[in-house]
Amino acid sequence: MVDINTRISEITLENPLLLASGILGQTADSMKNILESGMGGVVTKSIGLEPREGHSNPTMIETEHGLLNAMGLPNPGIDVFLKELKNLSRESKPIIGSVFAGDKEEFIELSVKMEEGGVDAVELNLSCPHAEGYGAAIGTDPELVKDIVRTVKRNTKVPIFAKLTPFSDIVDVAVAAEEAGSDAIVAINTVQAMAINFETRKPFLGNQVGGYSGPAIKPIGLKCVYDIYQNVDIPIIGCGGITYGRDALEYITAGASALQIGSAIYYRGKDAGALIVEEMKDIMEKEDIKSLVELIGSAQQF
Ligand code: SIN
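Given the structure is predicted, the values throughout are model-derived calculations rather than measurements. (Residues numbered from 1 in each chain as written. Predicted model: local features only at pLDDT ≥ 70, side-chain atom pairs only at ≥ 80, totals over all residues. Heavy atoms only, no water.)

Visitor: Tell me about the site of the ligand, and name the residues and values.
Guide: All residues adjacent to the ligand are Lys45, Met71, Gly72, Leu73, Pro74, Asn125, Cys128, Pro129, His130, Asn189 and Thr190. At 2.9 Å, a backbone N or O of Gly72 approaches an oxygen atom of the ligand. For the ligand, the protein covers 93% of the area, taking 260 Å² as the surface of the free molecule. (Near = heavy atom within 4 Å. Polar contact = N/O pair within 3.5 Å; in protein donor to acceptor, adjacent residues only side chain to side chain. Areas by Shrake-Rupley, 256 points an atom, 1.4 Å probe, with all protein chains shown as cover.)

Dropping the structure here:
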């Protein structure tokens, strides 16, 4: 028997996999399905103060090696979302509320509302690569990130996670988030990218620019986690291209204490979490690794 429990701040996870924000995390039914299908917990869709339609179609395409999306942060707004969250009986698995905002006042209001709505932690989306004024527009400035995280921490009790983008110096931003009291770093969000339709001579996506995810970005995510691990003491939640159990274990050896799974649901179906957990356990048994925790950061070359 191998032990794949892990811990992020005060949250214990029965396995290290969390549904990443953006996929199936908006309705009580979709989150319940995912929890029942083997994930250790769920990160909700990123929620803002007001309802938002998002970018115009097409908002997602599959490319040769990954998925490109420019959803544009569509969501029903926090008040409607919290009514939905009430319908979710969570069987003791953690729910992390993801929020996006244009400034620190909005981040505070959203985080407090998420906390009052019963989430186990709040993830600050400081990294969406394609929504003007939100996400990466804010999360690439270490001083701004420090200010946002610090003021959210002062106004909330639940753990706060900072989800970061790889297209600035992610280590500087991670250090700033830690200094401000962040309880964990989530690395990475999707990578800013584009696909072009040669026949029409136009970008495919309605928003032209999108965020790239899936197997192609795994090496980028691994490098970010590896570098952040050398510079912060808080736990890291690895994300980016984790599709099979071996990918998950690679992220753990780079320094991740837990993981987020997004595009793998597209590639492997809603049971991706259960499949990845079984593959992790098989590899660990073959390699005689008793506990996941002993693997964290084991690929680091100090
Ligand atoms: C979206 O909903 O637009 C994607 C969110 C993100 O990339 O952070």
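On we go.
Visitor: I'd like a description of the packing of helix 7 (residues 218–229) against helix 8 (residues 245–254), backed by residues and values.
Guide: At their nearest, the axes of helix 7 and helix 8 sit 8 Å apart, and the two run at 25° to each other. One element, helix 7, and the other, helix 8, form an angle in the roughly parallel class. Together, Lys218, Gly221, Leu222, Val225, Tyr226 and Tyr229 of helix 7 and Asp247, Glu250, Tyr251 and Ala254 of helix 8 make up the contact between the two elements. When its residues are assigned to classes, the contact of helix 7 with helix 8 shows six nonpolar, one polar and three charged. (Axes fitted to C-alpha atoms, helices over the stretch in contact; angles between N-to-C directions. Helix = DSSP H or I, 4+ residues; strand = E, 2+ residues; numbered from the N terminus. Parallel < 35°, antiparallel > 145°, perpendicular 65-115°, else oblique. Contact = heavy atoms within 4.5 Å. Nonpolar A, V, L, I, M, F, W, Y, C, P; charged D, E, K, R; others polar.)

Visitor: Describe in detail the side chain of Ser37, supporting the description with residues and values.
Guide: As for its position among the elements, Ser37 is in the loop between helix 1 (28–36) and strand 4 (41–43). Note on Ser37: relative accessible area 7%, which makes it buried. Contact partners of Ser37, with chain neighbours within four places excluded, come to Lys270, Asp271, Gly273 and Ala274. (Buried < 20%, exposed > 50% of the residue type's maximum accessible area, 1.4 Å probe, protein only.)

Visitor: Before we move on, could you go through helix 8 and cite the residues and values that matter?
Guide: When you tally the buried positions in helix 8, you get eight out of ten residues, the bulk of the element. Of the positions making up helix 8, those classed as buried are Gly245, Asp247, Ala248, Leu249, Tyr251, Ile252, Thr253 and Ala254. For helix 8, the secondary structure elements touched by its buried residues are strand 10 (184–187), helix 7, strand 15 (236–239), strand 16 (258–261) and helix 10 (272–286). Downstream of helix 8 by a residue or two, Gly255 has a phi angle that is positive, lying close to 135°.

Visitor: How would you summarise the pattern of salt bridges if you had to cite specific residues and measurements?
Guide: This structure, assessed with the given rule, holds twelve salt bridges. A salt bridge links Lys113 to Asp79, with the shortest nitrogen-to-oxygen separation between them at 3.0 Å. Taken together, the residues span a long stretch of sequence, with Lys113 in helix 3 (residues 104–116) and Asp79 in helix 2 (residues 78–86) at a distance of 34 residues. A relative accessible area of 44% means that Asp79 is categorised as partly exposed. In this structure, Arg268 and Glu279 form a salt bridge, with 2.6 Å as the shortest nitrogen-oxygen distance. Note that Arg268 is positioned in helix 9 (residues 263–268) and Glu279 in helix 10, a separation of eleven residues in sequence. For Arg268, a relative accessible area of 22% corresponds to the partly exposed category. Because the salt bridges share partners, they merge into one network encompassing Lys218, Asp247 and Glu250. (Salt bridge = Lys/Arg side-chain N within 4 Å of Asp/Glu carboxyl O.)

Visitor: So, the pairing of strand 9 (residues 160–164): which residues are in play, and what are the values?
Guide: The element strand 9 is largely enclosed, with a buried count of five among its five residues. Judged by which residues are buried, strand 9 turns out to be covered on both faces: Ile160, Ala162 and Leu164 on one side and Phe161 and Lys163 on the other are all buried. Relative to strand 9, strand 8 (residues 121–125) is paired through four bridges, and the arrangement is parallel. Opposite Val122, over in strand 9, you have Ile160 as the bridge partner. Pairing of strand 9 with strand 10 involves four bridges; the strand directions are parallel. Bridging across to strand 10, Phe161 finds its partner in Ala184. Handedness of the strand 9-helix 6 (residues 170–179)-strand 10 crossover: right-handed. (Pairing = 2+ DSSP bridges. Right-handed = clockwise from strand over helix to strand, strands pointing away.)

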